[in-house]
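Given next are the chains, with one letter for each unit.
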Amino acid sequence: MKRLYEKSEIWFAVAWIITYCVLLSLGDNISAELGLINVATFPIALSLSFVLFLFLKRNGLLEVYGLCKSKVPASKVLFYIPVLVMLTANLWYGIDISISSVEAICYVLTMFCVGFLEEVIFRGLLFNAMRKDGVKSAILVSSLTFGMGHIINLFNGSGTELLPNLLQVVYATAAGFMFVMIYYKTESLIVCIVAHGVFNALSVFVNEAKGTHTMHIISCVFLIVVCGGYGAYLAKKQK
């Protein structure tokens, strides 16, 4: 792993993206076959998180990839209020607890691992590797690949339908832009990792039955405005 990293940071990031997508999709499919949400996905996600964290720590790369305290006071980035607004999105239709406690625990723990992995891979590894050749293109690629990566939910056994998945791709791209700007401006991924994990974890309690297609579209547009707007603010205002 270290040899690939030293040879090409971009290909190292790509290798991690492929490994992450393939193994977590495999875990989701196995979980679906067993009839227990994320029961197989969680140990895979936890193992990948451990391996990636250990690699960064052993090679003195934790701070390089944002696993450190923010170098910018919260007051300089609007106290992350738009991020807090985004975190409420999965509760807008009410709460529905229709899965077992074991499934809920596996799901929540998996989502925090996913938050760590996706932020470190897409914002840390990929963005840092590409920013050397141009920050703007690195921001664009990091945002788009993060959003487009959610298309995989159509095929990984999670049961996601076409319209909700397409909406997820759109607002995930906006969220990816917001997160990469937070990382770029503060040099820390901590807020991004925590927010990403919490947002995903709360999705297990979404009351989908009360959300019409129109409501989903309105919610999506609102999230795009909040996340995209905050990212644009950071890009323009915060030096």
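Rules and cut-offs
Throughout this document, residue positions are counted from 1 along each chain, in the order its sequence is written. This being a predicted model, a pLDDT of at least 70 is required before a residue's local features are given, and a value of 80 or more before pairs of side-chain atoms are given or counted; all residues contribute to the totals for chains, interfaces and linings. By convention in this description, side-chain values take in all heavy atoms of the structure and omit both hydrogens and water. What counts as a helix is a DSSP run of H or I of at least four residues, what counts as a strand is a run of E of at least two, and both are numbered from the N terminus. Based on C-alpha atoms, the radius of gyration is set beside the globule rule, defined as 2.2 Å times the residue count to the power 0.38. Three labels apply to residues, based on accessible area from a 1.4 Å probe with only protein chains included: buried if under 20% of the type maximum, exposed if over 50%, partly exposed otherwise in between. Working rule for contacts: check all heavy atoms of both residues, and any pair within 4.5 Å makes them a contact. In these tables, accessible area is a Shrake-Rupley quantity obtained with a 1.4 Å probe, and a residue counts as shielded only by the protein chains included in the view. For this count, His and the chain ends are skipped, Lys and Arg are scored as positive, and Asp and Glu as negative. Here the site of a charge means NZ on Lys, CZ on Arg, CG on Asp, or CD on Glu. Planes of paired rings set the category: under 30 degrees apart is stacked, over 60 is edge-to-face and the rest tilted, where pairs are Phe, Tyr or Trp rings (Trp by its six-membered ring) whose centres lie within 6.5 Å. Any pair of N or O atoms that falls within 3.5 Å is considered a polar contact. Within protein, one atom must be able to donate a hydrogen and the other to accept it, and sequence-neighbouring residues count only if both atoms are side-chain atoms. In this analysis, axes come from line fits to C-alpha atoms, helices being fitted only over the stretch in contact, and the angle between any two N-to-C directions falls in the range 0 to 180 degrees. Roughly parallel here means an angle under 35 degrees, roughly antiparallel means over 145, roughly perpendicular means 65 to 115, and every remaining angle is called oblique. Crossing chirality is assigned from the near helix's rotation relative to the far helix, an anticlockwise turn below a right angle marking it left-handed and a clockwise turn marking it right-handed. Residue count minus one, scaled by 1.5 Å, sets the expected span of a helix. Starting at the helix axis, one direction is taken to each C-beta atom, and the arc is that of these directions. Just to be clear on terms, a salt bridge is a Lys or Arg side-chain nitrogen sitting within 4 Å of an Asp or Glu carboxyl oxygen. Scored from 0 to 100, pLDDT reflects the predictor's confidence in each residue. Within the patch definition used here, like charges are joined within 9 Å and nonpolar side chains (Val, Leu, Ile, Met, Phe, Trp, Tyr) within 5 Å, considering only residues with over 30% relative accessible area and no salt bridge.

Asks: Got a minute to help me understand the overall build of the protein in this structure?
Replies: Counting its secondary structure elements, the protein contains nine helices and zero strands. If you list the helices and strands of the protein from N to C, you get α-α-α-α-α-α-α-α-α. Relative to a compact globule of 239 residues, whose C-alpha radius of gyration would be 18 Å, the protein shows 17 Å and is just as compact. Projected onto the principal axes, the alpha-carbon positions of the protein cover approximately 45 × 40 × 25 Å. Taking all 239 residues of the protein together, 46% fall into the buried category. Relative to all contacts within the protein whose residues are 6 or more apart in sequence, the contacts with residues 24 or more apart total 78%. Summed over its atoms, the accessible surface of the protein is roughly 12000 Å², and 69% of this surface lies on carbon and sulfur atoms. A distance of 16 Å separates the average location of the 17 positive side-chain charges in the protein from that of its 13 negative side-chain charges.

Asks: Explain the packing of aromatic side chains to me, please; I cannot follow it from the model alone.
Replies: Pairs of aromatic rings are described using the distance from one ring centre to the other and the angle between the two planes. Under the counting rule described, the total for this entry stands at 10 aromatic pairs. Plain terms: the ring middles of Tyr5 and Phe12 are 5.2 Å apart, the flat faces sit at 80 degrees to each other, and that makes the pair edge-to-face. Pairing Trp92 with Phe222 gives two aromatic rings, centres 5.5 Å apart and planes at 65 degrees, and the pair type is edge-to-face. Here Phe222 lies in helix H9 (residues 213–237) and Trp92 lies in the loop between helix H4 (81–87) and helix H5 (101–131), a separation of 130 residues in the sequence. The exposure class of Trp92 is partly exposed, given its relative accessible area of 33%. By relative accessible area, which is 40% here, Phe222 ends up partly exposed.

Asks: Just checking my understanding: could you explain the environment of Arg123 for this structure?
Replies: Topologically, Arg123 is positioned in helix H5. Note: C-alpha distance between Arg123 and Leu189 (66 residues apart in sequence) is 7.9 Å. At a separation of 2.7 Å, a polar atom in the side chain of Arg123 contacts the side chain of Glu119.

Asks: Help me understand the packing of helix H2 (residues 9–34) against helix H3 (residues 41–58) in this model?
Replies: For any two helices packed against each other, one specifies the inter-axial angle together with the distance between the axes. Two numbers describe how H2 lies on H3: the axes approach to 8 Å, and their chain directions differ by 160 degrees. One finds that H2 runs roughly antiparallel with respect to H3. Handedness of the crossing formed by H2 with H3: right-handed. Here Phe12, Trp16, Thr19, Tyr20, Leu23, Leu24, Gly27, Asp28 and Ser31 of H2 come into contact with H3, specifically with Thr41, Ile44, Ala45, Leu48, Val51, Leu52 and Phe55.

Asks: So what exactly am I meant to see when it comes to helix H6 (residues 135–148) here?
Replies: Each turn of an α-helix holds 3.6 residues, which means side chains three or four residues apart point in the same direction. The terminal C-alpha atoms of H6 lie 20 Å apart, and with 14 residues this matches the ideal 20 Å at 1.5 Å per residue to within 8%. When H6 is considered as a whole, its buried residues turn out to be Ala138, Ile139, Ser142, Ser143, Phe146 and Gly147. With its buried residues spanning 150 degrees around the axis, H6 presents them on a single face. Opposite the buried face of H6, at more than 90 degrees from it, the exposed residues are Lys136 and Leu140.

Asks: Would you take a moment to explain the environment of Ile81 for this structure?
Replies: Relative to the helices and strands, Ile81 resides in helix H4. Note on Ile81: relative accessible area 48%, which makes it partly exposed.

Asks: Help me out: how do you make sense of helix H8 (residues 190–202) in this one?
Replies: The first and last C-alpha atoms of H8 sit 18 Å apart over 13 residues, in line with the 18 Å expected at 1.5 Å per residue. Inspection of H8 places Cys192, Ile193, Ala195, His196, Gly197, Phe199, Asn200 and Ala201 among the buried residues, and these make up the whole buried set.

Asks: I'm lost on the pattern of salt bridges in this one. Help?
Replies: Any two side chains of opposite charge can pair, given that their charged atoms come close. Enumeration over the complete set of coordinates arrives at three salt bridges. With a shortest N-O distance of 3.2 Å, Glu63 and Lys71 are connected by a salt bridge.

Asks: Help me understand the confidence of the model for the protein in this model?
Replies: Low pLDDT means the predicted coordinates in that region are not meant to be read closely. Model confidence for the protein is summarised by a mean pLDDT of 91, while 94% of its residues fall at 70 or above. Element-level mean pLDDT values for the protein span from 88 in helix H7 (residues 162–186) up to 98 in H3.

Asks: It is not clear to me how a nonpolar patch on the surface should be interpreted in this structure. Could you clarify?
Replies: A cluster of nonpolar side chains, contributed by Ile18, Val22, Leu23, Leu26, Ile30, Leu34 and Leu36, occupies part of the molecular surface with about 590 Å² of accessible area. Note on placement: Leu23 falls in helix H2.

Asks: Even after reading the chapter, I still don't get the side chain of Ser25, so can you show me in this structure?
Replies: If you trace the backbone, Ser25 turns up in helix H2. A polar contact is formed between the side chain of Ser25 and the backbone oxygen of Cys21, at a distance of 2.7 Å.

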